[in-house]
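Per-entry structural report
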Amino acid sequence: MRQPFSFFTILLLVVVPFTAFSQQSPAPDLDSITEDAYRRMLERQRLEAEALTYPIFTAPTYDPNIEVYTVETVPSPRGPGLRGSIVDPTGLIDSGAQQRINERLYALEQKSSVEVAVVLLPSIGQDIPKSFAVALFEKWGIGKADTDNGLLILTVMDQRRTEFEVGYGLEGILTDVVCYRIGTNEIVPRFRQGDYAGGIEQAVLRITSFLERPEAIDDVYGYGVLHEAPAFAWQWYHLLLVLYGLICLVMGFWYFGQAFAIQRSKDDYYDKYLRLYQLKFGCTDMLFPLPMLFFARMTKKRLDHYRYAPRFSKKNGQPMTLLSNYDEIDFLEEVQLLEEELKSVLYDVWMTEDQSDVMILEYEGPNGRDYTSCRQCGYQTFGKRTSLVVVSATYDHAGTRIDTYECRNCNYQEEKEITLPRKVRSSSASSSSSSSFSSSSSSSSSSSSFGGGSSGGGGAGVSW
Ligand SMILES: [Zn+2]
């Protein structure tokens, strides 16, 4: 997955070339360090292993007439009178190495109950080594049944192929990558030189040290190869995101709590409406649009419910009905109708059937923020009428704009003088030159930043 340019990437881009140029002494050889640690570990394990007493290992007898083996004809290394881990009908591994490998695997089995079989066959005909390994693994039942902790290392000589077949219980430790690494690092170079005993022995050493000490995974990963891309690396912006998420969560809980409290309160619908409306237009939805978007629908539904739910007269308990916009005209003052027209305030008129009770409720309209209460008449009809620039701002002096506010009801007027900031030459100079700069750079940067950004990417691009 591609990560966006992060602070660390940029830091790396700066630091790496710097250190590359400034470094006087050669970099310490990481390979040799891990190799040293590996040798010390082997030595320690050898000393541990010496404390064990080994049984006498007995290999199966092989039928010299068999040149092409099937799963059925491969003799098992375990059985009556047999003790060992190696099946090597053509004698590719000398007896000394066989003894050491058997001891190593015996020690492993005593310690961890992990069972390993090493099989080297001259040929399996046209069979696929992988399928053959699976079948052989199943037939022999390598590994303890409850933990499935078996491993089969199958080498097919004529196909020049070595398969590592891992039981489910070991897959977590002996991953495909680890097996592949061990194969390429230990088996391949030695087998190519005909050193089959050495290849198998080193592979077994690697694997056993691995299984006995899973932390050693890092050693092998680090041995001459790079890690696979790490699944996830924490960056500062991840922490910010988590923090933001937590705050959103807290906001959400708070919001739900408030909404719930409003719902439960003894207030009448109108007061509930106003309280929830205040909540909706708190500053929170500016800072946290994400959770607020989530709640917006719920809030809208609640508000509608509070506004349109059936009401009863407080005077006589009779049910009230909401008048239509047309019918309510008779009950509203002219200036209230003006407010409705300006959409600064909306009025709902509720009435009992016998007209014994009329209730007028006011709500903020969609243009409620554009109009304020008039100082003179008190209605929400006072809003901006004109905006006139009297003196334009220049590089030498600030400008002036006069905003005229007028009450649409009583025509009361106010003027506000707004000072326009003086233009700044440097910013305008850069903006004029940047238009050519950015246009040239934006057209070329798309190619130069791709080609140059990933130094290999430029070459890769050309090869296409
Ligand atoms: Zn007025």
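Parameters at a glance
Residues numbered from 1 in each chain as written. Predicted model: local features only at pLDDT ≥ 70, side-chain atom pairs only at ≥ 80, totals over all residues. Heavy atoms only, no water. pLDDT = per-residue confidence, 0-100. Contact = heavy atoms within 4.5 Å. Phe/Tyr/Trp six-rings, centres within 6.5 Å; stacked < 30°, edge-to-face > 60°. Buried < 20%, exposed > 50% of the residue type's maximum accessible area, 1.4 Å probe, protein only. Helix = DSSP H or I, 4+ residues; strand = E, 2+ residues; numbered from the N terminus. Lys NZ or Arg CZ within 6 Å of the ring centre and 35° of its normal. 1 Å grid on protein atoms, 1.4 Å probe; cavity = no way out; pocket = protein on both sides within 12 Å on 5 of 7 lines; lining within 4 Å. Points joined across faces, edges and corners; volume = space filled by probe spheres on them. Nonpolar A, V, L, I, M, F, W, Y, C, P; charged D, E, K, R; others polar. Pairing = 2+ DSSP bridges. Axes fitted to C-alpha atoms, helices over the stretch in contact; angles between N-to-C directions. Parallel < 35°, antiparallel > 145°, perpendicular 65-115°, else oblique. Left-handed = near helix turned anticlockwise from the far one by under 90°.

**A closer look at the confidence of the model for the protein chain**
Per-residue confidence for the protein chain gives a mean pLDDT of 78; residues scoring 70 or more make up 78%. For the stretch residues 219–227, pLDDT sits under 50, and the model shows 19 contacts to residues farther than four places along the chain or on other chains. This model gives residues 427–464 a pLDDT under 50, and the stretch forms 10 contacts once residues within four places in sequence are excluded.

**Re the packing of aromatic side chains**
The geometry of an aromatic ring pair is captured by the separation of the ring centres together with the interplanar angle, meaning the angle of the planes. Inspection of every chain in the model, using the stated rule, returns 11 aromatic pairs. Judged by centre distance (5.0 Å) and plane angle (75 degrees), the rings of Phe-191 and Tyr-196 are edge-to-face. With relative accessibility at 12%, the residue Phe-191 sits in the buried group. With a relative accessible area of 21%, Tyr-196 lands in the partly exposed category. Between the aromatic rings of Tyr-270 and Tyr-363, the centroid separation amounts to 5.4 Å while the plane-to-plane angle is 75 degrees, which identifies the pairing as edge-to-face. Of the two residues, Tyr-270 is situated in helix α10 (residues 269–280) and Tyr-363 in strand β8 (residues 358–364); the sequence distance between them amounts to 93 residues. Here the aromatic residues Tyr-270, Tyr-273, Tyr-277 and Tyr-363 are joined through ring pairs into a cluster of three or more. Geometry around Tyr-363 places Arg-307 over its ring, the cationic atom sitting 4.6 Å from the centre. Across the ring face of Tyr-395, the terminal group of Lys-423 is positioned such that the distance to the ring centre comes to 5.9 Å.

**What about empty space enclosed by the protein?**
Applying the stated criterion to the full structure yields 1 cavity of 30 Å³ or more. Roughly 30 Å³ of internal volume is contained in the largest cavity. Every residue lining the largest cavity is listed: Phe-57, Arg-78, Arg-83, Gly-84, Ser-85, Asn-102, Leu-105, Tyr-106 and Glu-109. In the lining of the largest cavity, the residues fall into 3 nonpolar, 3 polar and 3 charged.

**A short note on the sheet that holds strand β3 (residues 150–156)**
Taken together, the 4 strands give an open sheet; going across it, the order is β1-β2-β3-β4, and neighbouring strands pair in mixed fashion. With partners counted over all chains shown, the strands left at the sheet margins are β1 (86–87) and β4 (161–166), one partner each. With 7 bridges connecting them, strand β2 (residues 115–121) and β3 associate as parallel partners. Bridging from a neighbouring strand, Val-118 pairs with Ile-153 of β3. Seen against the sheet, helix α3 (residues 95–112) touches β1 and β2 and runs at an angle of roughly 155 degrees to β2. Packed onto the sheet, helix α4 (residues 129–140) meets β1, β2, β3 and β4 and runs at close to 40 degrees relative to β4.

**Considerations on the packing of α3 against helix α7 (residues 196–212)**
Close contact between α3 and α7 brings their axes to 10 Å; oriented N to C, the two are set at 15 degrees. Overall, the two elements α3 and α7 adopt an arrangement that is roughly parallel. Like other packed secondary-structure pairs, α3 and α7 cross with a definite hand, here left-handed. Contacts between α3 and α7 involve Ala-97, Arg-100, Ile-101, Arg-104, Leu-105, Ala-107, Leu-108 and Lys-111 on the former and, on the latter, Ala-197, Ile-200, Glu-201, Val-204, Leu-205, Thr-208, Ser-209, Leu-211 and Glu-212. Tallied by class, residues from the contact of α3 with α7 come to 10 nonpolar, 2 polar and 5 charged.

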